[in-house]
Structures are given as structure tokens and as C-alpha cells.
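# Overview (structure and organization)
What follows is each chain in one-letter form.
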Amino acid sequence: MLRSLAGGALFGETWGGGPARVVALHGWGRTHADFAGVLGPGAPGGALPTVAPDLPGFGATPPPPEAWGSAGYAEVVARLIEDEAGGGPVVVLGHSFGGRVAVTLAAARPELVRALVLTGAPVARRPGGRHRPPAAYRLVRSLRRLGLVSEAHLEEARQRYGSADYRASEGVVRQVLVRLLAEDYEPALAALRCPVAMVWGEDDTEVPLAVAERVRLVLPAAELTVCPGAGHLTPLRVPGELRAVVDRLLAEPRA
């Protein structure tokens, strides 16, 4: 059943009873429900004490009041941990977009995070650097800056050449996406002091395995579990593998 969380800033579910020991952060365009089979009542081993929010702009939670970056999302998740976990520390499981937020949170508020589990999280550069927009779009964008084409013409180019996530977003959520894509998470990765484990789909084409390998260049101690046959939606495809990693991190003594 959906609950109001973080003083009404978020909506989501809690599982397992008692103060939360795990916080689950979903991917872009997804909801907290992705984690029901990992951490909820139907999960292998039953429910863990977990809080799983819909992040602002997704599911039942309204968009943020302005175009937040990952730091804005991390602030509201910090409030969630203070309310639902007594200030933690907790294991934070972040899928895709949720991984961006998780890394930012752990770097900014290390006292709240016991360990991180990242899966399909775009928190390091892909091989070959950042993807550039098509030349045709860049031309229209330049012409718009010079006042030679209309905003409507630029929006038509965005719809034609933008990513599926961009085309599916609108308003402030689209502005959030643009801001997130410009962020560099490697300084935050380098600042982490908590254990980090990664679970990656071998066939993930959205955030390929090479990204996880790049994370290990920044964090050599980070563990990596590769799941053959799995793509980007690991919470749905390999819930058992994710749960096993979370269980192990909870069992380890706190540093």
C-alpha cells in the first residue's frame, strides 16, 4: 500500500516492518514496484525492512518544483532515511537513475549510507566519451541560439533526434534529464568510503558493462557480479542476484 514519506515529499511503500535497513531507488521512467521481487513480501527470503519511494516525477510522486540535479534528489532521500531508518546507516540499492542519486547521497551524507549496491547505473563515462547529439540537431540548436529558427522548430528537432527518455519526458522532468546528463559522477565515486557492490546485466545496452568496469578503475575494491543473459532491467530479470548481494552487505559488520 502506498504511503506518504519524507513529510509528504515522496510516496512509496515500506516492507518488512521496523526501521528500514534498505532504501531502494528506481530507474528513470520506472517506479518503486520494480523492487517488490527483490526486497518485498514476494522476494526470495521474504521481505526485508525496506523503504522504496517513487522518486519525484515518477509513479505517485509529483515532479520536483524545479529542475533538480542528483543533489536535489539526494537531499529528499536523506530526509527519507532520517524519517524511516532513524538516520541509518542503510544499504542503498540504486538502479540506473537511482544509482546516480545513490552515489551523490553516499558522497554527500556518508553517515547515512552503510553500503551501496549499484545496478545498471550510469555513474562513469562510457568508452569513447560522452555521446554527442546528431549533427543535424546541433545545427538547429546553433541556429536557434542565433535567433534564426523558432523555438517550435527546435522542439521539432528535439523530438526527432532526442533519446526515447527525452521524447517521453516533458516539462520540469525533461529539464531534470538534461541536467543529469551533464553531470560528472566520478568525483563523487572517488569520495566514497562505504563498501560498493555492482550487479550488472551482461547484455545491458543502455548502460553497458564497460561502465561498471570504469567504476572499478575509480574504486578498485568495488565488487562486480555479472549476470549472463540479463539486460538493463536487472531488478525484474535477476532479483535473486540483487537480493543475495544486499543480504551479504547487511550481514557484514559495520565499518
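Okay, so let's go over this structure.

Conventions used here
Residues numbered from 1 in each chain as written. Predicted model: local features only at pLDDT ≥ 70, side-chain atom pairs only at ≥ 80, totals over all residues. Heavy atoms only, no water. Helix = DSSP H or I, 4+ residues; strand = E, 2+ residues; numbered from the N terminus. Contact = heavy atoms within 4.5 Å. Buried < 20%, exposed > 50% of the residue type's maximum accessible area, 1.4 Å probe, protein only. Arc of directions from axis to C-beta. Pairing = 2+ DSSP bridges. Core = buried A, V, L, I, M, F, W, Y, C linked by side-chain atoms within 4.5 Å. Salt bridge = Lys/Arg side-chain N within 4 Å of Asp/Glu carboxyl O. Phe/Tyr/Trp six-rings, centres within 6.5 Å; stacked < 30°, edge-to-face > 60°.

## Comments concerning the environment of serine 70
Tracing the chain through its elements places serine 70 in helix α2 (residues 70-84). Sequence separation between serine 70 and leucine 105 is 35 residues, and the spatial gap between their C-alpha atoms is 8.4 Å. Once residues lying within four places of it in the same chain are set aside, the contact partners of serine 70 are Arg100, Thr104, Leu180, Glu183 and Tyr185.

## Digging into helix α9 (residues 209-218)
Spacing of three or four residues puts side chains on the same side of an α-helix, whose turn is 3.6 residues. Every buried residue belonging to α9 is among Leu209, Val211, Ala212 and Val215, and all of these are buried. The arc enclosing the buried residues of α9, seen along the axis, measures out at 155°, which places them on a common side. In the core, the buried residues of α9 are packed alongside α8 (186-191), β7 (196-201) and β8 (223-227).

## Some details on the pairing of strand β3 (residues 22-25)
Going residue by residue along β3, you find Val22 and Ala24 tucked away on one face and Val23 and Leu25 tucked away on the opposite face as well. Bridge count between β3 and strand β4 (residues 50-54): 2 bridges; the pairing is parallel. Looking at β4, one finds that valine 22 is bridged to threonine 50. Pairing analysis gives 4 bridges linking β3 to strand β5 (residues 90-95), with the strands arranged parallel. Bridge pairing in β5 links leucine 25 to glycine 94.

## Observations concerning the nonpolar core
Grouped together as the largest cluster of nonpolar side chains are 55 residues, with contacts concentrated most on Val23, Val77, Val92, Leu105 and Leu116. Among the elements that take part in this core, α2 stands out by supplying 7 residues, more than any other. In contact with valine 23, other than residues within four places in its own chain, are Val51, Val77, Leu80, Ile81, Val90, Val91, Val92 and Leu93. Among the nonpolar cores identified, the runner-up in size contains 22 residues, and Val38, Leu48, Ala115 and Val117 belong to it.

## Digging into the environment of alanine 190
Structurally, alanine 190 is set in helix α8. Alanine 190 sits 28 residues away from valine 218 along the chain, and the two C-alpha atoms are 6.1 Å apart.

## Regarding the pattern of salt bridges
Applying the stated criterion to the full structure yields 9 salt bridges. As a salt-bridge pair, glutamate 82 and arginine 109 come within 3.0 Å of each other at their nearest N and O atoms. Taken together, the residues span a long stretch of sequence, with glutamate 82 in helix α2 and arginine 109 in the loop between α3 (97-108) and β6 (113-119) at a distance of 27 residues. By relative accessible area, glutamate 82 is classed as partly exposed at 36%. Assessed through its relative accessible area of 28%, arginine 109 is described here as partly exposed. One salt bridge connects glutamate 186 with arginine 214, and the closest N-O pair in it is separated by 3.1 Å. With glutamate 186 in helix α8 and arginine 214 in helix α9, this residue pair connects regions lying 28 residues apart in the sequence. Through salt bridges with shared partners, one network takes in Glu82, Arg109 and Glu111.

## A look at the packing of aromatic side chains
Scanning all chains against the criterion turns up 5 aromatic pairs. Considering the side-chain rings of tryptophan 28 and phenylalanine 97, the 5.3 Å spacing of their centres and the 75° angle between planes classify their relative orientation as edge-to-face. Separated by 69 residues along the polypeptide, tryptophan 28 in the loop between β3 and α1 (36-39) and phenylalanine 97 in helix α3 bring together distant segments of the chain. For the residue pair tryptophan 28 and phenylalanine 97, the accessibility class agrees, reading buried in each case. Where tryptophan 68 meets tyrosine 73, the ring centres are 5.3 Å apart and the plane angle is 85°; that geometry is what we call edge-to-face. In this structure tryptophan 68 comes out as buried when scored by relative accessible area, which is 18%.

Interpretation in functional terms is not warranted from these geometric data alone.
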